[in-house]
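Examining the three-dimensional arrangement
Listed below are the residues making up each chain.
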Amino acid sequence: MRRAGSQSVRAALVALCWLAAGCGGCKQDEAPVTPEPAAPEQRPVPQRRVGVKVPMPPGWTAQVASDGSFQFGPPGRPVLRVDLRPGQGATLPAPESLLQTVGESFEGFEHTLEQQAGGEDFSLVRVRLTPKLEDGGSGASYPALFGARRVEKDLFLCATFPGVGADEVLQASDACKGIEFQPPR
């Protein structure tokens, strides 16, 4: 039983590293183009200031973690982690690439595909992860979400934390697909 717990912790670390580094199935973006400085007689146009809007289920809260990621879930218990990749919207991975990355990142786990979906601006896979134990058995399985959402030129990478329920994974899927920029007021 202790081994299954350490497998879940390992899975959490792999998922968080996957998000922090960007998904392995994403295409590499070209070097960003820096705008030329404005001529002295031209006034720079102020940047449009907008916030990110994530549709959360009732009772969920949002927090910015110390590593800069956004975490969503009931107070004190994160369910969904979202990482922003500014300017990398063109690297939106296909659902097949996400699934391949899950398989590569979770080598010590059986993964069963529960949903694979994609559109022009999002990709996601919902899987059930089951740790393989050293004695040949299997640990307790749990649902997980890995997704990406393109909003304008930016890319948002989404993943659920281990130990969340199936309903929470579905809610996290909806939240990831619904990420958008709030229009300025």
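Please read all numbers here as calculations on a predicted model, not as lab measurements.

**Quick notes on the overall build of the protein**
Check the secondary structure of the protein and you find three helices and nine strands. Helices (α) and strands (β) of the protein occur, in sequence order from the N terminus, as α-β-β-β-β-α-β-β-β-β-α-β. Evaluated residue by residue, the protein yields a buried proportion of 40% over its 185 residues. Within the protein, contacts between residues separated by at least 24 positions form 60% of all contacts whose residues are at least 6 apart in sequence. Within the structure as shown, the protein displays about 10900 Å² of accessible surface, and the carbon and sulfur contribution to it stands at 52%.

**A look at the sheet that holds strand β7 (residues 142-151)**
Reading across from one edge, β2-β3-β4-β8-β7-β6-β5 is the order of the seven strands in this open sheet, with antiparallel pairing throughout. This sheet does not close on itself; its edge strands, each paired only once, are β2 (61-64) and β5 (109-118). Pairs of neighbouring strands in the sheet enclose a mean axial angle of 20°, with direction left out of account. Sheet topology note: the strand β3 (residues 70-73)/strand β4 (residues 80-85) ladder contains three bridges and is antiparallel. By the bridge assignment for β4, Gln71 is matched with Arg81. Where helix α2 (residues 95-105) meets the sheet, it contacts β5, β6 (122-131) and β7, and its direction lies at approximately 25° from that of β6. Relative to the sheet, helix α3 (residues 166-177) contacts β4, β6, β7 and β8 (154-160), its axis offset from that of β7 by approximately 5°.

**Structural notes on the confidence of the model for the protein**
Per-residue confidence for the protein gives a mean pLDDT of 79, with 72% of residues at or over 70. Mean pLDDT per element in the protein: helix α1 (residues 2-21) is the minimum at 45, and β7 is the maximum at 96. Contacts for the low-pLDDT stretch residues 1-49, under 50 throughout, to residues beyond four places or in other chains number 60 contacts.

**A look at the pattern of salt bridges**
Throughout the structure, instances matching the rule amount to eight salt bridges. Across the salt bridge formed by Arg126 and Glu114, the nearest N and O atoms sit 3.7 Å from each other. Of the two residues, Arg126 is situated in strand β6 and Glu114 in strand β5; the sequence distance between them amounts to twelve residues. The class for Glu114 is partly exposed, based on a relative accessible area of 36%. Residue Asp121 pairs with Arg150 through a salt bridge whose shortest N-O separation is 3.2 Å. Separated by 29 residues along the polypeptide, Asp121 in the loop between β5 and β6 and Arg150 in strand β7 bring together distant segments of the chain. Taking the relative accessible area as the measure of exposure, Asp121 reaches 28% and is therefore partly exposed. Through salt bridges that share partners, Asp67, Arg81 and Asp83 make up one connected network.

**A short note on the nonpolar core**
If you look at soluble globular proteins, the nonpolar side chains tend to sit buried side by side. Counting residues in each nonpolar core, the largest one holds 20 residues, and the members touching the most others are Phe72, Leu80, Val82, Leu145, Phe156, Cys158 and Ile179. Where this core is concerned, the elements lending two or more residues are β4, β6, β7, β8 and α3. The element that contributes the greatest number of residues to this core is α3, accounting for four residues. Setting aside anything within four residues of it in sequence, one finds Phe72 in contact with Val54, Met56, Trp60, Thr61, Ala62, Pro78, Val79, Leu80 and Val82. Residues Phe106, Val125, Leu129 and Tyr142 belong to the second largest nonpolar core, which totals twelve residues.

**Examining the environment of Glu168**
On the secondary structure map, Glu168 appears in helix α3. Once the C-alpha coordinates of Glu168 and Leu80 are considered, the two residues, 88 residues apart in sequence, prove to be 8.7 Å apart. Excluding residues within four positions of it along the chain, Glu168 makes contact with Trp60, Pro74, Arg77 and Val79. Here Gly165 takes part through its backbone nitrogen, which lies 2.9 Å from a polar atom of the side chain of Glu168.

Thresholds, definitions, all that
Residues numbered from 1 in each chain as written. Predicted model: local features only at pLDDT ≥ 70, side-chain atom pairs only at ≥ 80, totals over all residues. Heavy atoms only, no water. Helix = DSSP H or I, 4+ residues; strand = E, 2+ residues; numbered from the N terminus. Buried < 20%, exposed > 50% of the residue type's maximum accessible area, 1.4 Å probe, protein only. Contact = heavy atoms within 4.5 Å. Areas by Shrake-Rupley, 256 points an atom, 1.4 Å probe, with all protein chains shown as cover. Pairing = 2+ DSSP bridges. Axes fitted to C-alpha atoms, helices over the stretch in contact; angles between N-to-C directions. pLDDT = per-residue confidence, 0-100. Salt bridge = Lys/Arg side-chain N within 4 Å of Asp/Glu carboxyl O. Core = buried A, V, L, I, M, F, W, Y, C linked by side-chain atoms within 4.5 Å. Polar contact = N/O pair within 3.5 Å; in protein donor to acceptor, adjacent residues only side chain to side chain.

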